[in-house]
Amino acid sequence: MRDETYDLSWDEWDELQSPRPDHTDFDDVVETALSRRGFLSGVLAFGSGAAVMGAGSLMSTTSAEAATSRIGFKPIPIATDATVHVPEGYSWSKLVSWGDPLFSDAPELDHATGGDVAWSDRVFGENTDGMELFTVGGRQVIAVNHEYVNTKINLPQNEGGKVASADDVLKLQNLQGVAVFEVAEGDDGWSVVVDSPLNRRITHNTPMKIAGPAAGHDLLKTEADPEGTMALGTMNNCGAGKTPWGTYLTCEENFNGYFGSTNAAFALPEDYARYGVKAEGRYNYEGFDPRFDVSKNPNEPRRFGYIVEIDPADPTSTPIKHTALGRFKHENAAATVAPDGRVVVYMGDDERGEFMYKYVSNGFYTPGGDTSTLLDDGTLYVAKFDPDGSGRWIELTPTTTGMSEAEIAIFTRVAASKVGATTMDRPEWVAVNPIAVEGYCCLTNNKNRGIKTNAGGDETPAVGPNPREANKYGQIVRWYPAEDNHTSTDFSWDLYVMAGNPTVHGDAYGGSDNVNEGNLFNSPDGMMFDSTGLLWIQTDGDDSNEDDFAGMGNNQMLAGDPATGQIERFMTGPNGSEVTGLTWSADRRTMFVGIQHPAAPFPDGEGKLARSTIIAIKRDDNAMIG
Ligand code: FEO
Ligand code: CA
Ligand code: CA
Ligand code: CA
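From a predicted model like this one, the values you see are computed outputs, not experimental measurements.

Turning to the overall build of the chain, a few remarks are in order. Secondary structure assignment for the chain yields twelve helices and 28 strands. Principal axes of the C-alpha set define a box for the chain whose edges measure 60 × 60 × 55 Å. Counting the 626 residues in the chain, one finds 61% classified as buried. In the chain, 65% of the contacts between residues at least 6 apart in sequence involve partners at least 24 apart. Carbon together with sulfur atoms contributes 50% to the accessible area of the chain, which is approximately 21400 Å² in total.

What follows is the structure, given as C-alpha cells:
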C-alpha cells in the first residue's frame with residue numbers, strides 16, 4: 001500500500017488508514033440539506049439577538065459597507081496556472097526554497113539528486129508551513145516549520161520516491177522540523193543571510209527537553225532516555241505561534257504517520273488507535289531507524305504530539321516540549337495575555353471530529369519577568385459549543401476526567417471525550433484579534449460530519465458551529481469570551497464565514513452571504529491577524545476548479561474584515577500548492593507567505609524539481625502592508 005500513498009496529503013493518508021463506512025443513512029440526508037436562505041436564517045436565530053451574534057455574523061457586504069471598506073487592494077480573480085498572483089500595485093519575489101543553503105558549506109540544490117544527505121541539515125527544509133519573524137539584536141530572524149516531505153521530489157532518484165536506505169531516512173529527517181535563519185533586505189530585495197550566527201536547523205533528531213505534567217512519566221521513558229525527560233526531534237510541524245516573551249511555538253501535528261512495526265507479532269498498544277499510530281509508517285522510517293519501530297520502542301510515539309518552544313535568539317538553546325498544552329494533532333498556537341497577566345493559548349486538533357482547546361497559565365506574565373513555568377503550570381480546557389450561540393470551556397483536570405495530570409497531558413483526546421467536548425470539523429489555525437477580544441478558528445472541512453464518529457467514537461452531529469453534513473467547504477467559527485476576558489470559561493459564538501459555492505448550490509453548501517462569485521474559496525486553513533485587525537485567510541483545499549469547486553481555482557490567500565464580514569481575494573498560489581504560513585517584516589512593509597508543495601515548474605521552471613518556497617510580497621510604493 002505504501003507505494004500508492006506517497007502522493008497523498010496527510011489528511012488523505014489518515015483517511016486511508018481509517019476509511020469511512022461505505023454508505024449510511026446520512027448519505028441520503030446530505031442530499032436534502034436545508035435551503036441556503038433557510039439555513040442562514042436558522043443560524044442567525046441561534047443567537048436570539050444581535051448582542052450575541054455580534055455585528056459581523058454572516059453579514060453580506062452591502063454597498064454602504066463597501067464604501068467604507070478597510071480592504072485597500074483591488075481583489076484579484078482566481079488562477080489555475082503555475083505561478084503566484086497578487087493585486088495591482090503589489091509585487092512578489094522568492095525569499096527561499098527547499099534545498100537553498102543556510103550555511104555556505106552546503107552547495108546549491110542539485111535537481112538531479114535532490115541533494116546529498118551530507119548537507120541535508122544545512123539547507124532550508126521541505127514543505128514550508130507556519131512561521132514567525134523575530135527581531136534579535138536588530139537582526140530579523142524567521143523561524144519556520146518544515147511540515148513533511150514529498151519523497152518523489154526529495155528522493156528523485158528512488159523509484160516511486162521510496163526510501164531504500166538509512167541515509168534516505170536521515171535525509172528526510174533532516175529536511176523536516178524547523179529552520180531559524182536571518183533575513184535582510186537589500187537593493188535586490190530580501191534574501192537569507194547565509195552563515196548568520198543565528199541560523200539553525202532543528203530536525204527529527206535534535207535533542208529537546210520534555211517539560212510539564214508528563215515529564216518523567218513511565219509512558220515517556222525509553223531505553224535511550226530512561227528518565228523520560230529528553231526526546232529527540234520534533235515532527236510534522238504544522239502551524240506556529242509566538243509567545244509574549246518572543247519565543248517560537250512549533251506544533252506537532254500528524255506525528256503518528258512516522259511510526260511502524262517491523263514485528264508482525266507485536267500487538268499495538270490500545271492507546272495508539274485514538275492517535276492513528278499503525279503497524280506501517282508512511283515513510284518506512286521503522287525499516288531503517290529502530291527508534292521509529294514501535295515493536296522495539298513502544299513509548300516513542302507518546303513523546304510526540306506536543307507544542308515545542310524554541311528560542312530564536314539562542315541557536316544553542318534546547319527546545320522544550322510543553323506537555324501541559326496537551327498531546328494531539330496540534331495545528332497552531334495562538335497566545336495572548338489576559339488583563340490580569342495570565343497567558344492564554346488557543347489550539348486546534350486537526351482531525352475529523354476532534355476538538356478545540358485552551359490553556360490558561362497559573363502564573364502571570366510580566367515583561368522581563370520569569371517566564372520559565374508559564375507553559376508548564378496551568379489548566380487545559382476543551383470547547384463545548386451549544387447550538388443556541390453560547391458555549392464554555394470545560395476544564396480537563398483529575399476531577400473532571402478521572403485521569404491523572406500526566407495522563408491528561410499524554411492522552412488529551414481521551415480526556416476531552418470524557419467531558420463531552422464538541423466534535424469539530426477539523427480545527428486548523430486559531431487567531432486572536434489584536435484589536436477586539438475575540439478568537440477565530442478555521443474548521444477546514446469534514447467529509448465525515450454527520451456520517452462517522454471520530455476516532456474515539458464520539459458522535460458528529462451536524463449542528464452548532466459544524467452545521468453541514470459531509471462538509472466539503474469549511475467555515476470559520478468565532479467566539480467572544482465573556483467579560484471581554486480570554487480566561488473566562490463562558491463565551492458566545494457565531495460563524496464568521498461558511499465557505500461554499502453559490503454558483504453550484506442553492507442550499508447550505510452555497511455558503512454564507514459574505515461568500516460570492518468574486519471571492520470563492522474552500523478549506524480555510526492558515527489564518528493570522530495583521531496589526532490593524534484584518535484577518536488573513538489561507539486555503540488548503542480542492543484546487544480542481546471543477547464541479548463543487550468550480551470557480552475557486554488554485555489555493556489562495558484572502559483578507560477579511562471582522563467588522564463587516566467582507567472577504568476579498570489577495571493572492572493566488574501556483575497549482576498543486578497549499579498557501580500556508582504568514583508573517584511580516586519588522587517594518588510591516590513586507591509580507592512573507594509560504595507556498596507548500598507546489599507542482600512543477602514552480603519556482604525554477606521546466607525540468608527542475610518543484611520546490612516549496614517562502615515568497616516576499618511588497619507594495620510597489622513600499623507602504624505598510626499590515
Ligand atoms: Fe498541517 Fe492541519 O494542517
Ligand atoms: Ca494546516
Ligand atoms: Ca489543511
Ligand atoms: Ca499542508
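Here the focus is the coordination of the calcium ion (ligand 2). Within the first shell, the calcium ion (ligand 2) binds the protein through E331 (OE), E428 (OE), D525 (OD) and D525 (OD), at distances of 2.3 to 2.7 Å. Taken in sequence order, the residues that donate to the calcium ion (ligand 2) follow the motif E-x96-E-x96-D. Distance-wise, the calcium ion (ligand 3) is placed 3.9 Å from the calcium ion (ligand 2), both being coordinated by E428. Taken as a pair, E331 in the loop between strand 12 (320-322) and strand 13 (334-337) and D525 in strand 22 (residues 524-529) lie far apart in primary sequence, 194 residues in all. D525 shares its class with E331; the two are buried.

Turning our eyes to something else, we now look at the pattern of salt bridges. Within this structure, the stated rule accounts for 34 salt bridges. The partner of R426 in a salt bridge is D11, and the shortest N-O contact between them spans 2.9 Å. Here D11 lies in helix 2 (residues 10-17) and R426 lies in the loop between helix 12 (412-418) and strand 18 (427-432), a separation of 415 residues in the sequence. With a relative accessible area of 22%, D11 lands in the partly exposed category. When salt bridges that share partners are traced, they join D14, R274, K329, D349, E351, E354, R413 and D458 into one network.

The tendency in soluble globular proteins is for nonpolar side chains to be buried side by side. One finds Y258, F259, M347, Y357 and V382 to be the most contacted residues of the largest nonpolar core, which totals 64 residues. Excluding residues that lie within four positions of it along the chain, F259 makes contacts with M235, V277, K278, E280, G281, E286, R291, F292, V294, E300, P301 and F304. One finds V84, V497, W584 and M591 within the second-largest nonpolar core, a separate group that totals 43 residues.

Note on the calcium ion (ligand 3): its protein donors are E428 (OE), D525 (OD) and D540 (OD). The metal-donor distances range over 2.3 Å. In the primary structure, the donors to the calcium ion (ligand 3) are separated according to the pattern E-x96-D-x14-D.

Attention now moves to the pairing of strand 16 (residues 378-385). In terms of residue burial, strand 16 counts as a mostly covered element, since six of its eight residues are buried. Examined bridge by bridge, strand 15 (residues 356-364) and strand 16 share five bridges and lie antiparallel to one another. Counted as the bridge partner of S361 is G378 from strand 16. Both strand 16 and strand 17 (residues 390-396) contribute to a ladder of six bridges, which runs antiparallel. Bridge pairing in strand 17 links L380 to L396. Linking strand 16 back to strand 17 in an antiparallel pair, the connection comprises four residues, with G389 at a positive phi of about 95°.

Rules of the game
Residues numbered from 1 in each chain as written. Chains lettered and ligands numbered in written order. Predicted model: local features only at pLDDT ≥ 70, side-chain atom pairs only at ≥ 80, totals over all residues. Heavy atoms only, no water. Helix = DSSP H or I, 4+ residues; strand = E, 2+ residues; numbered from the N terminus. Buried < 20%, exposed > 50% of the residue type's maximum accessible area, 1.4 Å probe, protein only. Contact = heavy atoms within 4.5 Å. Areas by Shrake-Rupley, 256 points an atom, 1.4 Å probe, with all protein chains shown as cover. Donors = N, O, S within 2.8 Å, 3.2 Å for Na, K, Ca; no water. Salt bridge = Lys/Arg side-chain N within 4 Å of Asp/Glu carboxyl O. Core = buried A, V, L, I, M, F, W, Y, C linked by side-chain atoms within 4.5 Å. Pairing = 2+ DSSP bridges.

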